[in-house]
Amino acid sequence: MTRLVLPGPTPTARDAVLLCARLARLYEDGARAVECDARAVTAPGLGAVEVLARLRLTARGRPFRVTGAGPALRALLGFVGVVELLGEPEEREPSRGVQEGVEPDDLAV
C-alpha cells in the first residue's frame, strides 16, 4: 500500500492543494490503494477537515483510508459531522455489505 503523510501539527488549505496533486500522481503512477497517515496532526483545525475532504474527493472512490487519526482529529471530524472522511463506519451503523434484518410488519420506505 502506498503512503501519503499529512503534515502536522495543523494542516492548512494550502497543504490541501499540494497533497491532492500528490495523491492524483500516486494513482496515475499505478497506486492501487493509498493510506493517508494522520499521526502528525496533533492540533487539527478546519484546515485539516478541508484537507481530508479534498483528498477523499480526489480519490474518487479508489481505495483510500486514513490511519493514525488521534483523538483531537476524531473529535473535530465528529463535531462537524464528517467523521466518515476517515473511511471507517460510524458507531451504531452497520459496516458496508451488512444488511439489516427486516421484520414482516415493517413498513416499506
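The structure we're discussing is the one just above.
In short, a report on the structure. Small disclaimer: the values here were computed from a predicted structure and weren't measured. The numbering scheme is per chain: residues are counted from 1 as the chain's sequence reads. Only residues with pLDDT of 70 or above have their local features reported here, since the model is predicted, and side-chain atom pairs are shown and tallied only from 80 upward, although totals for entire chains, interfaces and linings are computed over all residues. Based on all heavy atoms of the structure, the side-chain values leave hydrogens and waters out of the count.

## Remarks on the packing of aromatic side chains
In this analysis, rings of Phe, Tyr and Trp, with Trp reduced to its six-membered ring, are considered paired at centre separations within 6.5 Å, and the interplanar angle assigns stacked below 30 degrees, edge-to-face beyond 60, and tilted for intermediate values. Evaluation of the coordinates by the stated rule reveals zero aromatic pairs. If you follow Arg62 out to its NZ or CZ, it ends over the ring of Tyr27, 4.2 Å from the centre. A ring is considered to have a charge above it if a Lys NZ or an Arg CZ atom is located within 6 Å of its centre and within 35 degrees of its normal.

## Quick look at the pairing of strand β2 (residues 34–37)
Only protein chains enter the accessibility calculation, which uses a 1.4 Å probe; a residue is then buried when its area is under 20% of its type maximum, exposed when over 50%, and partly exposed in between. Working definition: helices are DSSP H or I runs of at least four residues, strands are E runs of at least two. Numbering for both runs from the N terminus. Of the two faces of β2, both are covered, the one formed by Val34 and Cys36 as well as the one formed by Glu35 and Asp37. Strands qualify as paired when DSSP identifies two bridges or more between them. With four bridges joining them, strand β1 (residues 2–5) and β2 adopt parallel strand pairing. Residue pairing across strands places Thr2 opposite Val34, the latter belonging to β2. A right-handed crossover is one whose linking path, passing over the helix from the first strand to the second, runs clockwise when the strands point away from the viewer. Traced from β1 through helix α1 (residues 13–28) to β2, the parallel crossover comes out right-handed. In terms of strand pairing, β2 meets strand β3 (residues 64–67) through four bridges, oriented parallel. Across the sheet, the residue bridging to Cys36 is Val66, located in β3. On the question of chirality, the crossover connecting β2 to the parallel β3 by way of helix α2 (residues 46–59) is right-handed.

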